[in-house]
Amino acid sequence: MFNLLTEPWIPVRWAQPAPSDDDPPDRVGLRTALVDAHRIKQLAPAQPHVHAALLRILYALTARVTGLDEQGAAGDWLERQDEVIDAGQLSSAAVDAYFGRYPDRFHLYDEDGGRPWMQDPRLARQCDPANTAGVNKLVMTRPSGNNHAWFRHGGDGAPDLPSSADAALHLLTWHYYGPSGRCSSREVNGVKSASTTAGPLRTALSYHPEGENLFQTLLAGLVPPSSTVRRDEDLCPWEWEKLPDPEKAPDAPTGPCARLTACSQHAVLLVPGGEKGELAADAYITWAYREGRIPRDDPYLIWQISQQGNRYPRPADSSRALWRDVDTLLEHRVSDSDGPQPPLVFETARGLWPHMRVRALGFDQEGQAKNVQFVEGVTPYILGEAEQVEPSSRPKVARLRQLGERYGRRLDRAVRRAYRMYLDDKKADAGAWSADAAARYWPAAEREFWARFRPLQSKDDGAPEAADFDFDATRSAFLRIAEQAYDVVTERAGRTLRGAQAVSDARIELYGGPRRR
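Note that this is a predicted model, so its numbers are computed, not measured.

Asks: Quick rundown of the packing of helix α13 (residues 431–453) against helix α14 (residues 471–490)? Include the residues and the values.
Replies: Running from N to C, α13 and α14 point in directions that differ by 155°, and their axes come no closer than 9 Å. With respect to α14, the element α13 is oriented roughly antiparallel. Both α13 and α14 take part in a crossing whose hand is right-handed. Residues W433, D436, A437, R440, Y441, A444, A445, E448, F449 and R452 of α13 pack against A473, T474, A477, F478, I481, A482, A485, V488, V489 and T490 of α14. Taken together, the residues of the contact of α13 with α14 sort by class into 14 nonpolar, 2 polar and 4 charged.

Put into structure tokens, the structure is as follows:
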């Protein structure tokens, strides 16, 4: 029921529909997403974290149908990737052959004792059917139970049932972004538990190379597996012969396909509704493993080192613009010691196509219940063969970013100090002035960054070489943006004598603060 291979559920934007298709569908099944990837511009889900989850599923499927899920006996992975690129599209025969091996594993619902896709049918007997999670819990943007209403109001008494197409997307959201903490109770071997661990992408921001169409994006998103990876061991959940034992600690993934698709800490089971299963009527959501956690090792995350020496992914932050990560994404670092590590995927994706962007996707959220805001950003062309940054210019990109951030921080200190001096209260909350200043500074700083970044990119043959980086002019440009934002934010307070004094005294923070003796 609801075959995910053929039913339209993946939102897409077409670049070049088939000649016979005057009105191409805005949603497609998994087969069409792969076979027509060269005609599809990009995935088009409304929520960026769903986009990130879909890409990981499609990366794994692409690796399978192209044979790029193994390094190969000859170690010729890059050469075989080039052959797929030269073909210009994925082989429909290879796609059909792969899906033909798992004809019953891509159904969203299977009430006949089968294996619904990315779900655990054991939950129907291991969880209390009178106390299910419900569809409001399934859809993370809805309020459920006693949780806060972040994006919309609603009630559990008479919830709006999501379509099966949307339910499939929300299913992926739980596998990748599910929260930690209390969940529905699950009884296994006479022992009940109701606590789960956060999903592998919870709070994280992922970065993906993006080509001119989905085919290019999927090929650029593949990471060469190690020589020890074997496809009969590196399995996706729909390839498992049997479901894992929930009482045992989960096994660490052995290769890219398991790493992309089999790191969920949650178990989910959807209940069909409607006459033909076109709706999701209910959902079981609980823990997948009673103990242990699958190690986080994702090739699309920026990895940072905490003060305690722990490795963690850069979090999604709705107040942070993507340009502030560009030097890290391109390995443009001032220091190579303990700096952030760029996503592994960019080691092979860079320069793979003439024109490539970076798309950042995530969900600004806490580890447990609180969801704040979706996070999505896309760079101009910075990864393609025609947009490479000269090696000698890499430190300049880092300095460019650092200057932009320096005056953003100084502006924040200046408006906070002015506000507190104006009120004569050192503990006053200056959040309103700070937010106003940030809203004025960062968009303008981003435009300044990209204007000064473009001359640092390499040029086509015969074009002038990358321009020199003018530190003083760049510093003055960002300072001027900060000064303008400061003047606008403090203008009204400056109309009073005390306000004018506070604004004047705090302005020194824009230039580095009072000089210490």
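Moving on from the coordinates now.
Asks: Please set out empty space enclosed by the protein residue by residue, giving values where relevant.
Replies: Counted according to the given criterion, the structure contains 4 cavities of 30 Å³ or more. Considered as a void within the structure, the largest cavity measures approximately 300 Å³ in volume. When residues in the lining of the largest cavity are grouped by element, the largest group, 3 residues, is from strand β7 (residues 266–273). Residue composition of the lining of the largest cavity, by class: 14 nonpolar, 5 polar and 5 charged. When its volume is computed, the second largest cavity comes out at roughly 150 Å³. Looking at the second largest cavity, it is lined by 21 residues, and the ones nearest its centre are P200, R259, C263, P295 and D298. Broken down by secondary-structure element, the contributors of at least two residues to the lining of the second largest cavity are α7 (164–177) and α9 (256–261). With 3 residues, α9 is the single largest residue contributor to the lining of the second largest cavity. In terms of residue class, the lining of the second largest cavity is made up of 10 nonpolar, 5 polar and 6 charged.

Asks: Lay out the pairing of strand β11 (residues 357–365) with the relevant residues and their values.
Replies: With 8 of 9 residues buried, β11 lies mostly within the body of the structure. Across 6 bridges, the pairing between strand β6 (residues 205–210) and β11 is antiparallel. Note that in β11 the partner of L205 across the bridge is G362. Note: β11 against strand β12 (residues 371–378), 7 bridges, orientation antiparallel. Pairing of D364 across the sheet is with Q373, part of β12. In this antiparallel pair of consecutive strands, β11 and β12, the connection spans 5 residues.

Asks: Tell me about the pattern of salt bridges, residues and numbers included.
Replies: Tallying each qualifying case throughout the model produces 28 salt bridges. With a shortest N-O distance of 4.0 Å, D297 and R259 are connected by a salt bridge. Placement of the pair is D297 in the loop between β8 (279–287) and β9 (303–305) and R259 in helix α9, with a sequence separation of 38 residues. Since its relative accessible area comes to 26%, R259 is described here as partly exposed. Where R495 meets E491, a salt bridge forms, and the shortest distance between an N and an O atom there is 3.2 Å. A network of salt bridges, in which partner residues are shared, links R314, R320, R324, D325, D327, R401 and E405.

Quick notes on the rules
Residues numbered from 1 in each chain as written. Predicted model: local features only at pLDDT ≥ 70, side-chain atom pairs only at ≥ 80, totals over all residues. Heavy atoms only, no water. Axes fitted to C-alpha atoms, helices over the stretch in contact; angles between N-to-C directions. Helix = DSSP H or I, 4+ residues; strand = E, 2+ residues; numbered from the N terminus. Parallel < 35°, antiparallel > 145°, perpendicular 65-115°, else oblique. Left-handed = near helix turned anticlockwise from the far one by under 90°. Contact = heavy atoms within 4.5 Å. Nonpolar A, V, L, I, M, F, W, Y, C, P; charged D, E, K, R; others polar. 1 Å grid on protein atoms, 1.4 Å probe; cavity = no way out; pocket = protein on both sides within 12 Å on 5 of 7 lines; lining within 4 Å. Points joined across faces, edges and corners; volume = space filled by probe spheres on them. Buried < 20%, exposed > 50% of the residue type's maximum accessible area, 1.4 Å probe, protein only. Pairing = 2+ DSSP bridges. Salt bridge = Lys/Arg side-chain N within 4 Å of Asp/Glu carboxyl O.

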